[in-house]
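# Examining the three-dimensional arrangement
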Amino acid sequence: MNALARRPLGPGGVEVTELSFGAAGIGNLYAPITDEAAATALDHAWNAGIRYYDTAPHYGLGLSERRLGEALRGRDRSSYVISTKVGRILEPADEVTGDDLADGGFAVPRTHRRVWDFSADGIRRSIESSLTRLRTDRVDVVFLHDPDNHAEEAFREGYPALEELRSEGVVGAIGAGMNQAEMLTRFVRDTDVDAVLCAGRYTLLDHRALAELLPAASERGASIVIGGVYNSGLLADPKPGARFDYVQAPPELLARARALAGLAERHGTTLRAAALAFPFGHPAVASVLVGVRAPEQVTDAAAQFASRVPDDFWREARAEGMLPAEVPVPVSASVPLTGEERP
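Here we take up helix α9 (residues 295-306). The end-to-end C-alpha separation of α9 is 17 Å, in line with the 16 Å expected for 12 residues at 1.5 Å each. Regarding α9, the residues found buried are Pro 295, Val 298, Ala 301, Ala 302, Gln 304 and Phe 305. Contacts made by the buried residues of α9 are with β3 (19-22), α1 (35-47), α8 (271-277) and β16 (285-291).

Below you can see the structure in the form of structure tokens.
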């Protein structure tokens, strides 16, 4: 088993491995997998040293949480961290009609319907249900899930409820998880969150989180978990038809990704390794969350993460205009960038 470094998730004492397991895939995201395949993927993650697992009720209408709970059952509870999310209550459907692909993107029977609920009561109900599915007596981290269109309720009721649960010791760390940086910046500045999960907004191709979110997190002592580091697949395999932010990548982004892949190959590394390493150029980043569903994906992610991206890759990426000069990059401390290249 490989040991992965851990970083604190804010000031509350929760520590997470730098590489973490995004569990949407084992909730049958886009296509079904078997219980056995999900369990094998989770076993591979454990053997690779991953000890931080992120899930949500939304993922497969509870399937992701159930599979994660089953896989971790019997393991030392103090040795790993689970984060789940609140904001969508699962209510039993009156009748099962079809699957969830059209509504939620998960290949599961439509046994439940999602009801947006960021109320204090909804938060507690959601966590209680998650604990049952996860087969555990506590959740280490809870994120408000995609409150984009529910900001008033999330700030007025949802966040205070999480703060109360943290003070009671029910959860260890609290925050919000979104596909945008702007509202996450507000959470960091206006509340006492430990961490936020920012998906797709701080990658080799998208640096929007650098404008305000990352500096705010550094200033307030909050941590950032980076999700969507491959931008829906474009940075994993930049082939024609690859997705960026869940839709087919436009030609200009495909060209940028292919140029970065070519540069990586010239420096003896891979685009995937660079994508995984990139966020750690900023000190506020605590973990990179990789969505995986198959054992080979886990093995590859762990191997890519463990490989070192040469400093010259980052230098040339800047020199060729593939990365702006102001974007920090994870160069070796012993060989800092100089002059205008300094992050």
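What follows picks up the thread again.
Moving on, we come to the packing of helix α5 (residues 182-190) against helix α6 (residues 213-220). Between α5 and α6, the shortest axis-to-axis distance is 9 Å and the interhelical angle comes to 15°. It follows that α5 is roughly parallel to α6 by the angle criterion. As for how α5 packs across α6, the hand of that crossing is left-handed. Contact residues: Leu 184, Thr 185, Val 188, Arg 189 and Asp 190 in α5; Leu 213, Ala 216, Ala 217 and Arg 220 in α6. Considering only residue class, the contact of α5 with α6 consists of five nonpolar, one polar and three charged.

The set of residues buried in α6 consists of Leu 213, Leu 214, Ala 216 and Ala 217. Around the axis of α6, the buried residues are gathered within 160° of arc, so they sit on the same side. Each element contacted by the buried residues of α6 is listed here: α5, β12 (195-199), β13 (223-227) and β16. Just past α6, the residue Gly 221 takes up positive phi, approximately 80°.

What follows deals with the environment of Asp 192. The topology assignment puts Asp 192 in the loop between α5 and β12. The partly exposed category is assigned to Asp 192, whose relative accessible area is 43%. Between the C-alpha atom of Asp 192 and that of Glu 163, which follows or precedes it by 29 residues, the distance is 8.1 Å. Contacts of Asp 192, omitting those with residues within four sequence positions, involve Tyr 159, Glu 163 and Arg 166.

Take the nonpolar core next. Core analysis: the biggest nonpolar cluster contains 98 residues, and Phe 21, Tyr 53, Leu 204 and Trp 314 have the highest contact counts within it. Here this core takes seven residues from helix α4 (residues 151-167), the largest share from any one element. Not counting residues up to four positions away in its chain, the partners in contact with Tyr 53 are Phe 21, Leu 42, Ala 45, Trp 46, Leu 68, Leu 72, Tyr 80, Val 81, Ile 82 and Ser 83. Among the nonpolar cores identified, the runner-up in size contains 14 residues, and Tyr 52, Val 141, Leu 197 and Ala 286 belong to it.

Conventions we followed
- Residues numbered from 1 in each chain as written.
- Predicted model: local features only at pLDDT ≥ 70, side-chain atom pairs only at ≥ 80, totals over all residues.
- Heavy atoms only, no water.
- Helix = DSSP H or I, 4+ residues; strand = E, 2+ residues; numbered from the N terminus.
- Expected span 1.5 Å × (residues − 1).
- Buried < 20%, exposed > 50% of the residue type's maximum accessible area, 1.4 Å probe, protein only.
- Contact = heavy atoms within 4.5 Å.
- Axes fitted to C-alpha atoms, helices over the stretch in contact; angles between N-to-C directions.
- Parallel < 35°, antiparallel > 145°, perpendicular 65-115°, else oblique.
- Left-handed = near helix turned anticlockwise from the far one by under 90°.
- Nonpolar A, V, L, I, M, F, W, Y, C, P; charged D, E, K, R; others polar.
- Arc of directions from axis to C-beta.
- Core = buried A, V, L, I, M, F, W, Y, C linked by side-chain atoms within 4.5 Å.

Geometric descriptors of this kind do not, in isolation, establish any biological role.
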